[in-house]
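Architecture and fold: a report
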Amino acid sequence: MRVLILGGTAEARALADMVAGDAGLDVTTSFAGRTPEPRLPAGQVRTGGFGGVEGLAGWLREQRTDAVVDATHPFAEVISRNAAQAADATGVPLVALRRPGWSAGEGDRWHWADTLAGAAALLPALGRRPFLTTGRQDLAAFAGLPLRFLVRAVAPPLPPLPAHCHVLLDRGPFTLDAERALLREHRINVLVTKDSGGPATAPKLTAAREAALPVLVVRRPPPPAGVRTVTTPAAAAHWLRTC
Ligand code: NAP
């Protein structure tokens, strides 16, 4: 059985590591190719876009793919929509693997925005020294704001960047102690994040709560309609072994 995992997340890698050794499963993980030196999963790897819905559907046919797991990031809207349409067009079974989003607890001061542009509109009222953790591709919405940003990203962020911007290149997981120290060192007074979910980057939320800082959270886009969703690599592995 030939399996395509659309990757770019820790969950995609965990799933590939879980199932690549199964007898009878031939597993390929696909990367967009944006992150230099990604952590590689077990099994085969391919890199680069497919060329839209048509390209992906063609690839599934050519490779005689039997099942697809869309384990991309919850904010990777385009590839998830393409996967749903290509699966429909080819009749290849598809499941989406999405880690659950975060939710506010006692003591949290969270503000929600529907989009990055919405977050940028709210931000100046919340603090002058934001810690921006929305990813390297998504700074344009904040570029015009006269605030002193600390930006953390896996690889150099794509322009346009805000005028006052200190860039920190790092990739999770991050520890609570390190996040506390970072907030103090840069005198951060507001945190901006997508609702990415998962434990690897959650300590920043705890550190913000402890410091009584406001957190601006960008809501997830809605997933493609009608796609079955599981929330853990183990559940996706079970689906693959029984579909
Ligand atoms: P996107 O906007 O949904 O996708 C844009 C295009 O990139 C797609 O149309 C596709 O090109 C290509 N692509 C995306 N994921 C791919 C994959 N796994 N394999 C092959 N091609 C892929 O995606 P994005 O938000 O730029 O994210 C790119 C990658 O980074 C994804 O793999 C995602 O899991 C990961 N990531 C994203 C975020 C985020 O916040 N968006 C955060 C962490 C990791 P074609 O149309 O040519 O096929």
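Higher on the page you've got the structure.
A few points on the structure.

Each value, and the rule that gives it
- Residues numbered from 1 in each chain as written.
- Predicted model: local features only at pLDDT ≥ 70, side-chain atom pairs only at ≥ 80, totals over all residues.
- Heavy atoms only, no water.
- Helix = DSSP H or I, 4+ residues; strand = E, 2+ residues; numbered from the N terminus.
- Pairing = 2+ DSSP bridges.
- Contact = heavy atoms within 4.5 Å.
- Axes fitted to C-alpha atoms, helices over the stretch in contact; angles between N-to-C directions.

A closer look at unusual backbone geometry
With an omega of 0°, the peptide bond between Pro159 and Pro160 qualifies as cis. A cis amide bond links Gly172 to the next residue, Pro173, at an omega of 0°. In this structure, Pro173 sits in the loop between strand 9 (165-169) and helix 5 (176-185). For Arg64, which is not a glycine, the phi torsion comes out positive at approximately 50°. Relative to the helices and strands, Arg64 is located in the loop between helix 2 (52-62) and strand 4 (67-70). In this structure, Arg187 is a non-glycine residue whose phi angle is positive, near 45°. Structurally, the position occupied by Arg187 is in the loop between helix 5 and strand 10 (190-194).

A look at the sheet that holds strand 4
What the six strands build is an open sheet, ordered 3-2-1-4-5-12; its pairing is parallel. Edge positions in the sheet fall to strand 3 (44-47) and strand 12 (229-230), since each of these pairs with one other strand and no more. Examined bridge by bridge, strand 2 (residues 26-31) and strand 3 share four bridges and lie parallel to one another. If you follow Ser30 over to strand 3, its bridge partner there is Arg46. On the sheet, helix 1 (residues 10-19) packs against strand 1 (2-6), strand 2, strand 4 and strand 5 (94-97) and is oriented at approximately 160° with respect to strand 1. Running at roughly 170° to strand 4, helix 7 (residues 233-242) makes contact with strand 1, strand 4, strand 5 and strand 12 of the sheet.

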